[in-house]
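Structural description and commentary
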Amino acid sequence: MSAMNSKRMWIMPTLACVLVCMLALRMFDLQVVKTAVLKQTAENNRFFHKVVVADRGILFDRFGQSLVFNKPVFYQLQSPNRLYSNRTLVDESTALELMATASSSVFTDQYREYIYPDALSQVTGYVGPITKEDLDRDPNLALNQVIGKVGLEAMFQDELKGQDGAVVYETNAKGEIIRTVSEQNSVSGQHIQTTIDGELTAYIFGLMKGQKGAVLVGDPGTGEVLSLISSPTFNANQFTRPPMNESDDENKKTQLASYFQDPNKLFFNRALAGGYPPGSVFKPVTALGALENGAVDADTKVDDQGTLKVGEFEYGNWFYRQYGRIEGSINLVRALARSNDIYFYKAAEWLGANQLAAIARMVGFGKRTGIELPAEASGIVPDPAWKEKAVGEKWYLGDTYHFGIGQGDLLVTPVQVFQSLTLFANGGKLCAPTLIKGTSGHCQDISVSQDHLKTIEEGLKEVCTRGGTAFPFFPWNDQEENKVFCKTGTAEFGAADNNGHRRTHGWFVGFTHLNTQPRTIRLVKNGRLEKTEVKEQYPQNILVVVLVESDEVKPFREGSADGGPIALKILEWIKDHR
């Protein structure tokens, strides 16, 4: 026998011996070394822990009526006794029939149904399934939960979600349920009452349909926001309603895709995330700064001859640019009434850029208001130091002129404008906007002269009176005992066109006292009136902020022509309905 054949004879026995030894070692490892671990693993596999998601808390309006419901949704289980069963969505009547004979074959879940899914989508927000990003932020989330994605649903996620319960099942190797071992009940989430008037918001949303912009309506004395609109927007129910069939599912996917692809940025909350030049609605702030610092007084006059020349540059008044007319010698009240740019160029010059920036920050510009919604912007309050750092250029007198009339690098949000106007509506009390009923600490007294505030108030009343700029309100101030104090603004932005014109946004801000009555709630069930309740006194002091954005159809929006009519309809609706 050759040496080669001799070696081959030993290969197979050697391999067999090695395999037997490895098997023996593995058996020793499993039966002796890891016996406790494997026993515990087997025990764990025997019991299945199922999370019972808590009922989500409800968002209520200021009158205690629901803005959202937890609506039940029913599924028929193909294998009710298995942990993981295929299921089919069924309607309520089918589910009831099944439950009458085989209740275990029906699984009940729920989804969020929003009462004002369009008008209040930016306020309530919506809920959605857990994503990888959500788990990265909070590994303790259960995969079968839904969480708030935007709006109040997101801001108050912890309060609304409640405390989940749990059911422990004993199962066999096939994944079939043998018995229920234990149950822990869930605890429903906290209910939250908002300051919102849903009916008013729906009405305003209709007024804004087809236009881009934002509207805020509220009580200046408390900062409570009755309505916050960002237009256009999305339908919150599209994210939460379960599709009933494949066709419904495809339609839903198509609709959601169109939302995200829409060039109008439907998820962008213009009311608190959009930075806009305020234009002339900033002039009351310039007036206050000039009065408080002694740069002007109520009798200070400026001669308007159409333009103001500084070296080779000219700064014109809107009245001269549009109609070729001048105002002549005017005081502060008349300058506010006519929104005279020349007056406020000089007031800003005499005041100084740093002092103007200080007063702007004092009334809340350049920082978040703290309203209870995510993604609020801070805006920009420029001054010489800011320009040097941000732009790398020196501050010029022309920058001060532009700043004084709410142009240049000044950027504000509609919710900041709302906050700033509370100072004038409240006689020196600045109130931050809030969406949550019963909260406190939103108002603070600002140390400014009451005489100065009265001078500005007089000017704001004249804006809405014949001879002012807010012509839609002339009949109101002619007839109504409670006058409207207002300011219009037409704010330029972007590059000039071939004719030297820049596109404009339209602003209108105003406040008034209305003799409103306690709100009456009619409770209707199954088409029948059950009872009528008086819930609370409706706010009698109302502040309105309207922003209508430039668009391709109307690139030159105006505060009087575009913002004023919307504000007028809002105040008329409140007067008639409250």
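The paragraphs below set out a description of the structure included in this document.

Procedures and definitions
- Residues numbered from 1 in each chain as written.
- Predicted model: local features only at pLDDT ≥ 70, side-chain atom pairs only at ≥ 80, totals over all residues.
- Heavy atoms only, no water.
- Helix = DSSP H or I, 4+ residues; strand = E, 2+ residues; numbered from the N terminus.
- Buried < 20%, exposed > 50% of the residue type's maximum accessible area, 1.4 Å probe, protein only.
- Lys, Arg positive; Asp, Glu negative; His and termini not counted.
- Salt bridge = Lys/Arg side-chain N within 4 Å of Asp/Glu carboxyl O.
- Polar contact = N/O pair within 3.5 Å; in protein donor to acceptor, adjacent residues only side chain to side chain.
- Contact = heavy atoms within 4.5 Å.

So, about unusual backbone geometry. With an omega of 0°, the peptide bond running from Ser231 to Pro232 counts as cis. Tracing the chain through its elements places Pro232 in the loop between strand E12 (224–231) and helix H9 (237–240). Although it is not a glycine, Lys265 adopts a positive phi angle of roughly 55°. Its location among the elements puts Lys265 in the loop between helix H10 (246–261) and helix H11 (270–273). Take Lys265: its relative accessible area is 56%, and that puts it in the exposed class. For Ala375, which is not glycine, the phi dihedral falls at a positive 70°. Inspection of the secondary structure puts Ala375 in the loop between helix H16 (353–362) and helix H17 (384–390).

By the secondary structure assignment, Glu376 is in the loop between H16 and H17. No salt bridge forms around the buried Glu376; measuring N to O, its nearest opposite-charge neighbour Arg368 is 5.6 Å away. One polar contact links the side chain of Glu376 to the main-chain amide nitrogen of Thr369, over a distance of 2.7 Å. Every residue in contact with Glu376, bar those within four places of it in the chain, is listed here: Leu272, Arg368, Thr369, Gly370, Ile371 and Val415.

Applying the stated criterion across every chain yields a total of 26 salt bridges. A salt bridge links Arg241 to Glu113, with the shortest nitrogen-to-oxygen separation between them at 2.4 Å. One end of the pair, Arg241, is in the loop between H9 and H10; the other, Glu113, is in strand E5 (residues 106–114), and 128 residues separate them in sequence. For Arg241, a relative accessible area of 40% gives the class partly exposed. Using a relative accessible area of 11% as the deciding quantity, one classes Glu113 as buried. The network of salt bridges with shared partners includes Asp551, Lys554, Arg557 and Asp562.

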